[in-house]
Amino acid sequence: MNISLNINNVLNFISREEIDKYQDVITRNYKATLEKTGKGNEFLGWVDLPSQISDDLLSSIENVAEKIRSKAEIFVVIGIGGSYLGARAIIEALQNNFAALDHKNKHPFIVYAGQNIGEDYLAELMEVLDRKDYALTVISKSGTTTEPAIAFRILKNHLEEKYGKAEAKSRIIAITDQEKGALKKLANDEGYQTYIVPDDVGGRYSVLTPVGLLPIAVAGFDIQEFVKGAKLMEAHNKAGISFDNNPIGLYAATRNALYQSGKEIEIMVNYQPNLYYLTEWWKQLYGESEGKEGKGIFPAGVGFTTDLHSMGQYIQDGRRFLFETVLSVQQPNRELRIPTDDQDLDGLNYLAGKRIHEVNQMAELGTTLAHIDGGVPNIGISLPKVNENVLGQLVYFFEMGCALSGYTLGVNPFDQPGVEAYKANMFALLGKPGFEKETEKIKNRI
Ligand code: PA5
C-alpha cells in the first residue's frame, strides 16, 4: 500500500484526543463492516469485491473491450450516479487531458450520456455519432432510471438506423441487475451481451464491477492493475492493523471529529485537472451515503490552482465551517521544465530550469499553510503517482472510509431514500401512469 494520510494539520483545531475518542467506535464499525452485520448489510458486497473478482470475469471484460476497440472510435457510456461516475473518474484520471483531440489515440474516446436530460446535449452527441463509428454500454442496476432509459432509447434507435439491427446488437452491452428491471428484460429479448451488477453492491460502490471495469478496459487501461491496487488496500484493511497505523480508520475518525467541532463542509482539493472526476465520484460516494436524517458532512470539491482564483477567497476568508482534504500527487507521469528567456520580461527566470511540478508543489504547500492560518484544518492524502494500481487503492480507501464514517455518524451509508423525492414530483408532473393522485396534488401546488 503506498497511499499515506497526514492529519498533523488538523491538530491546531482539534486535539489528538478528540480523534482518538473515535477509536472504539471505528474498531466496532470495522468489525460490523467486515462481518457484514451493520446497517444496510445487504449492500456490503463491495467489501471483498477486489479479492473475489474472478480471472474469468476480468478476461471476459478484456475480450469484449478488445472487440469494441476494433470497431469503435467512440464508446458511449450511458448511466447516471454510481452507474457512470466511477468509470469516468478513473478514465479521466488516466487518459491524456486532451484525449478528445488526440488523433493518435488507438483506443475509442469515451463519452457519457444519460447523466442529464439536456436536449441539446443528446442532440449534439447524435450529430457527432452520425459521423463516427461507435458502440455503447447501457448501465443501470435498477434498469428503470429515467435519464439513462431516455438516452438509451434514443441511441438504440440511432445505432439501429446507422448499422441495421443485427450489427447494432453487437455494439450494445447492457450492465444491469441479474433478474429484475426493464433493462434486463430488454437485454434478454434482444440478446445483448450482458454483465451483471451484483445484488449486494450499490451503484456508488460499483466501480470494481463491470460497471466501472468495462468502460475502463475499453478506454485502454489496465483493469488487472486497477483491481490489484484495490486488493492491496483490501488486504491491508483486513490485516488487523492498529488504529494508529490504519489510514482509513484515521480518516473516518478525523473527519467525524472535525464535523463534531463544527466543520460541516469537507472540500476535496486536487492540484491535477485530470482528478476532477475523481472528486465528483468522491462527492457522490460521501454525499449520497452520509447526507441523511438531517446529518452529514457536505462534500464539496475544488481544483487548484484554478479555483484559488475564485473559491480561494471564500476558503481563506469566508465562514469558518470548512475543512480541506488534499489529494497530493508526488510525481507526475511526464516532465516539463520552465525555459530561460534572455529578456526575462515576465520575470520568470528565477524559475528557469525548474519543473512545473515543483511550482505546483510550492503552490500546494503555500496554500495549505495559508488556509491553516485562515482557520481551515487540512487532511492530506498523498499518492505516489496517478496510475491504475494507485487509483485502485484509493477507490477502496474511500469506499471503506465512507462506510466507517457513515456508521460512525449513525446512518445507513448504503441507501439513498432522499433521491426519490425529485423522482416522485417529476413523474407526477409528467403524468406517469400510476402517479394520478400525485399529479392531482402537485397541480394544485403550482
Ligand atoms: O449510488 C447509487 O445507488 C445511485 O447513484 C445509482 O447509481 C444511480 O441512481 C443510478 O441507478 P441505476 O444504476 O439503478 O440506474
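Residue numbers run consecutively from 1 along every chain, following the written order of its sequence. pLDDT decides what is reported in this predicted model: residues at 70 or higher carry local features, side-chain atom pairs at 80 or more are listed and counted, and totals for whole chains, interfaces and linings draw on all residues regardless. The side-chain quantities take in all heavy atoms of the structure and omit both hydrogens and water.

Caption draft 1: View of the pattern of salt bridges. In what follows, salt bridge is the name for a side-chain nitrogen of Lys or Arg lying within 4 Å of a carboxyl oxygen of Asp or Glu. What the rule picks out here adds up to 23 salt bridges. Between K156 and E190 there is a salt bridge, with the nearest N and O atoms lying 3.5 Å from each other. Of this pair, K156 sits in helix α7 (residues 146–163) while E190 sits in helix α9 (residues 182–190), and the two are 34 residues apart along the sequence. Notably, a salt bridge pairs E190 with K165, separated by 3.5 Å at the nearest N-O pair. With E190 in helix α9 and K165 in helix α8 (residues 165–169), the pair connects residues that are 25 residues apart, well separated along the chain. When salt bridges with common partners are traced through the structure, they connect K156, E160, K165 and E190 into a single cluster. Counting from the N terminus, the helices are the DSSP runs of H or I reaching at least four residues and the strands are the DSSP runs of E reaching at least two.

Caption draft 2: Broad picture of the packing of helix α13 (residues 276–290) against helix α16 (residues 388–409). Only the stretch in contact is used when a helix axis is fitted, and all axes are lines through C-alpha atoms; the angle between N-to-C directions ranges over 0 to 180 degrees. Relative to each other, α13 and α16 sit at 20°, their axes nearing to 9 Å. Taken together, the axis directions place α13 and α16 in an arrangement best described as roughly parallel. Helix-helix and strand crossings are classified by hand; for α13 and α16 the assignment is right-handed. Contact with α13, carried on its side by L278, W281, W282, L285, Y286, S289 and E290, involves L391, L394, V395, F398, E399, G401, C402, S405, G406 and L409 of α16 and no other residues of that element. When the residues that make up the contact of α13 with α16 are grouped by side-chain class, the tally is 11 nonpolar, four polar and two charged. If an angle is under 35 degrees, it is roughly parallel; if it is over 145, roughly antiparallel; if it lies from 65 to 115, roughly perpendicular; otherwise it is oblique. Crossing handedness follows the turn of the near helix against the far one: under a right angle anticlockwise gives a left-handed crossing, and clockwise gives a right-handed one. Here, two residues are considered to be in contact whenever any of their heavy atoms come within 4.5 Å of each other. Under the grouping applied here, Gly and all other residues not named as nonpolar or charged are polar, the nonpolar ones being Ala, Val, Leu, Ile, Met, Phe, Trp, Tyr, Cys and Pro and the charged ones Asp, Glu, Lys and Arg.

Caption draft 3: Here's a closer look at the domain arrangement of the protein. Boundary definitions for the domains trace back to an automatic or database domain assignment. The domains assigned to the protein are domain 1 (4–39 + 227–409) and domain 2 (46–224). Measuring from the centre of the C-alpha atoms in domain 1 to the corresponding centre in domain 2 gives 29 Å. Between domain 1 and domain 2, the residue contacts involve 32 residues of the former and 30 residues of the latter. Computed with a 1.4 Å rolling probe, the buried area is the accessible surface lost when two parts are put together, summed over both parts. For the domain 1 and domain 2 pair, buried surface summed over both sides reaches about 2600 Å², with 62% attributable to carbon and sulfur atoms. Looking only at domain 1, the three residues that lose the most surface to domain 2 are V227, Y277 and E388, adding up to 26% of its buried area. Run the count over domain 1 and domain 2 and you get two salt bridges.

Caption draft 4: Quick look at the sheet that holds strand β6 (residues 193–196). Strands pair, by our definition, only if DSSP identifies at least two bridges between them. One open sheet holds the five strands; their spatial order is β3-β2-β4-β5-β6, and the pairing between them is parallel. With partners counted over all chains shown, the strands left at the sheet margins are β3 (109–113) and β6, one partner each. Between one strand and the next, the sheet's axes are offset by a mean angle of 20°, whatever the strand orientation.

Caption draft 5: Spotlight on helix α2 (residues 23–34). The first and last C-alpha atoms of α2 sit 16 Å apart over 12 residues, in line with the 16 Å expected at 1.5 Å per residue. Type-normalised accessible area, obtained with a 1.4 Å probe on protein chains alone, sets the label of each residue: buried when under 20%, exposed when over 50%, and partly exposed for intermediate values. If you check which residues of α2 are buried, you get I26, N29, Y30, A32 and T33. Down the axis of α2, the buried set is contained in an arc of 165°. They therefore lie on one face. Of the exposed residues in α2, the ones pointing more than 90 degrees away from its buried face are D24, R28 and K31. Those residues of α2 that are buried lie in contact with α11 (223–238), α12 (247–260) and α16. With its phi angle positive at about 60°, K36 sits one or two positions after the end of α2. By this rule, a helix spans an expected 1.5 Å times one less than how many residues it contains. The arc in question is formed by the directions pointing from the helix axis toward the C-beta atoms.

Caption draft 6: Fine view of the environment of A168. For A168, the position within the fold is in helix α8. For A168, a relative accessible area of 0% gives the class buried. Separated by 37 residues in sequence, A168 and R131 have C-alpha atoms that sit 16 Å apart. Here A168 is in contact with L159, E160 and Y163, once residues within four sequence places are set aside.

Caption draft 7: Fine view of the nonpolar core. The criterion is simple. A nonpolar core is a set of buried Ala, Val, Leu, Ile, Met, Phe, Trp, Tyr and Cys residues joined through side-chain atoms within 4.5 Å. If you look at the biggest cluster of nonpolar residues, it comprises 94 residues, and the most contacted ones within it are W46, I90, F226, W281 and F398. Per-element tally for this core: the top contributor is α16, with 13 residues. When residues of this core are sorted by domain, at least three fall in each of domain 1 (4–39 + 227–409) and domain 2 (46–224). Not counting chain neighbours up to four residues away, the residues in contact with I90 comprise V207, I216, F226, L278, L391 and V395. Membership of the second largest hydrophobic core comes to 22 residues, among which are L136, L155, A168 and L183.

Caption draft 8: Here's a closer look at the site of the ligand. The environment of the ligand is made up of 13 residues, and the closest members are S83, S140, S142, T145 and Q284. Between N or O atoms, a polar contact is any pair within 3.5 Å; within protein, one atom must be a potential hydrogen donor and the other a potential acceptor, and residues adjacent in sequence are included only when both atoms are from side chains. The side chain of S142 places a nitrogen or oxygen atom 2.7 Å from an oxygen atom of the ligand. For the ligand, whose unbound accessible area comes to 380 Å², protein coverage reaches 87%. Across the shell around the ligand, the residue classes tally to one nonpolar, nine polar and three charged. Note on terminology: near, applied to a residue and a molecule or strand, indicates that one of the residue's heavy atoms is within 4 Å of it. Areas reported here follow the Shrake-Rupley algorithm with a probe of radius 1.4 Å; residue values treat only the protein chains shown as occluding.

Caption draft 9: Broad picture of unusual backbone geometry. The amide bond that connects F304 to the next residue, T305, takes the cis arrangement and shows omega of 10°. Mapped onto the fold, T305 is located in the loop between β8 (298–303) and α14 (311–317). Despite not being glycine, D344 has its phi angle at roughly 50°, a positive value. Looking at where D344 falls in the secondary structure, it is placed in the loop between β9 (322–329) and α15 (356–373). Using a relative accessible area of 26% as the deciding quantity, one classes D344 as partly exposed.

Caption draft 10: Quick look at the pairing of β6. Sheet topology note: the strand β5 (residues 172–176)/β6 ladder contains four bridges and is parallel. Looking at β6, one finds that T176 is bridged to I196. By definition, the crossover connecting two strands over a helix is right-handed if that path, from the first strand to the second, turns clockwise as seen with the strands pointing away from the viewer. The β-α-β motif built from β5, the intervening α9 and the parallel element β6 has right-handed crossover chirality.

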